[in-house]
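Architecture and fold: a report
Residues per chain are reported as follows:
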Amino acid sequence: MDDKTVIARRVARELKPGQLVNLGIGLPTLVSRYLPEGMEVFFQSENGLIGMGLLPDKAFASRDLSDAGGGPTGAMPGSAAFDSAFSFGLIRGGHLDVTVLGGLQVDEKGHLANWMVPGQMVPGMGGAMDLVTCARRVIVSMTHTAKGKAKIVPCCDLPLTSMRRVDLIVTELAVIEPTGGGLMLREIAQGTTVEEVRAVTAARLHVNGEVATM
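The following paragraphs examine the structure supplied in this document. Note that the structure is a prediction, hence the values are computed from the model and not measured.

A few words now on the overall build of the protein chain. Secondary structure assignment for the protein chain yields four helices and 16 strands. For the protein chain, the residues scored as buried account for 47% of the 214 residues in total. Relative to all contacts within the protein chain whose residues are 6 or more apart in sequence, the contacts with residues 24 or more apart total 62%. Carbon and sulfur atoms form 52% of the exposed surface of the protein chain, whose accessible area is close to 11000 Å².

Right, let's talk about the pattern of salt bridges for a bit. Counted according to the given criterion, the structure contains seven salt bridges. A salt bridge links glutamate 14 to arginine 10; its shortest N-O distance comes to 2.8 Å. The salt bridge involving glutamate 187 is made with arginine 10; its shortest N-O contact spans 2.7 Å. Separated by 177 residues along the polypeptide, glutamate 187 in strand S14 (residues 182-188) and arginine 10 in helix H1 (residues 3-12) bring together distant segments of the chain. Since its relative accessible area comes to 13%, glutamate 187 is described here as buried. A network of salt bridges, in which partner residues are shared, links Arg10, Glu14, Arg137 and Glu187.

Before going further, it helps to spend a moment on the layout of surface pockets. Roughly 810 Å³ of volume is contained in the largest pocket. Gly24, Ile25, Gly26, Gly102 and Asn114 are the residues nearest the centre of the largest pocket, which is lined by 29 residues in total. Here the residues of the lining of the largest pocket sort into 15 nonpolar, eleven polar and three charged.

Attention now goes to the sheet that holds strand S11 (residues 152-153). Pairing between the strands of a sheet comes from backbone hydrogen bonds, and it takes one of two forms, parallel or antiparallel. Taking strand neighbours across the sheet as the criterion, the three strands line up as S7-S6-S11 in an open arrangement whose pairing is mixed. The open sheet has two edge strands, strand S7 (112-113) and S11, and neither has a second partner.

A word on the nonpolar core. Counting 29 residues, the largest nonpolar core has Ile169, Ile176 and Leu185 as its most contacted members. For this core, the elements supplying multiple residues, two or more each, are helix H2 (84-92), helix H3 (128-134), strand S8 (137-141), strand S13 (174-179), S14 and helix H4 (194-199). Apart from the residues within four sequence positions on either side, isoleucine 176 is in contact with His144, Ile152, Leu168, Ile169, Leu183, Met184, Leu185 and Leu205. With 22 residues, the next largest nonpolar core counts Ala8, Val11, Leu35 and Val175 among its residues.

Bringing the state of the cysteines into the picture now. Note: disulfide means a covalent bond formed between the sulfur atoms of two cysteine side chains. Scanning the entire structure with this criterion turns up zero disulfides. Take cysteine 134: it sits in no disulfide, and the sulfur closest to it among the cysteines is that of cysteine 156, at 19 Å.

Let's shift gears to the pairing of strand S3 (residues 49-53). For S3, the tally of buried residues reaches five of five residues, placing the bulk of the element in the interior. Of the pairings in the sheet, the one linking strand S2 (residues 42-45) to S3 comprises two bridges and is antiparallel in character. Residue pairing across strands places serine 45 opposite leucine 49, the latter belonging to S3. Linking two consecutive strands that pair antiparallel, namely S2 and S3, is a turn of three residues; a positive phi of about 120 degrees is found at glycine 48 within it. As judged from the four bridges shared by S3 and strand S4 (residues 74-81), these two strands associate in the antiparallel manner. In the strand pairing of S4, isoleucine 50 is matched with alanine 80.

Reading the values: rules and limits
- Residue positions are counted from 1 within each chain, in the order its sequence is given.
- Given that this is a predicted model, residues contribute local features only at a pLDDT of at least 70 and side-chain atom pairs are listed and counted only at 80 or more, while totals for whole chains, interfaces and linings are drawn from all residues.
- Calculation of side-chain values draws on the structure's entire complement of heavy atoms; hydrogens and water are dropped beforehand.
- Helix and strand assignments follow DSSP, with helices taken as H or I runs no shorter than four residues and strands as E runs no shorter than two, numbered in order from the N terminus.
- Only protein chains enter the accessibility calculation, which uses a 1.4 Å probe. A residue is then buried if its area is under 20% of the maximum for its type, exposed if over 50%, and partly exposed in between.
- In what follows, residue pairs with any heavy atoms lying within 4.5 Å of each other are defined as contacts.
- Surface accessibility in these figures is a Shrake-Rupley result with a 1.4 Å probe; residues are shielded only by whichever protein chains are displayed.
- The term salt bridge refers to a side-chain nitrogen of Lys or Arg lying within 4 Å of a carboxyl oxygen of Asp or Glu.
- Cavities and pockets are found on a 1 Å grid laid over the protein atoms alone: a cavity is a set of points where a 1.4 Å probe fits but cannot escape, a pocket is an open set with protein on both sides within 12 Å along at least five of seven lines, and a lining residue has an atom within 4 Å of such a point.
- Grid points are joined across faces, edges and corners, and a volume is the space filled by probe spheres set on the points.
- Throughout, the ten residues Ala, Val, Leu, Ile, Met, Phe, Trp, Tyr, Cys and Pro are labelled nonpolar, Asp, Glu, Lys and Arg are labelled charged, and all others, Gly among them, are labelled polar.
- At least two bridges found by DSSP between two strands is the condition for calling them paired.
- Remark: nonpolar core denotes a set of buried residues (Ala, Val, Leu, Ile, Met, Phe, Trp, Tyr, Cys) joined through side-chain atoms within 4.5 Å.
- When the sulfur atoms of two cysteines come within 2.5 Å, that pair is taken as a disulfide.

In structure tokens form, the structure reads like this:
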């Protein structure tokens, strides 16, 4: 099982029936594949769709239905399409139960940096600031390191997405909960030790009792 699949499957366990959930660009879009069978969650794409579903076949792809990254997506029976103004009204109005976003860095205060890629042209922040600030729960799904460099750091040196503390970080190695007292290590991957996770984490990780296995 590759790292992205491990992360997406673990994030899917955080979702509850009936929730309105936004999935960000990239890895987060995989989460919808791993819901328990029969569990109904309403997935929102910020470009104007509630009720995203898996495509039964590529032949069903439509350029009018896409996920946050512009990739083709399906629509479940009863889904709703609307304009960006309504979509951001839902987000800014605090109606999203959960948003799942990728990350470039998260620091010891739980601050997320995920919109500015070093050395690359970017069109702007998009909806990331609104999502992190306004969703009831923010889950960051990302690989633990990038090109051997830690992504969980003492202090972000990339532009922050929001001053709000995120609620959970899920990587292929660990589940970490940012709290007012720092980053709490809640779970580690099977076959991994706490010391190994700490070795690839630049930020300080706190352990309170026994750490569960993902």
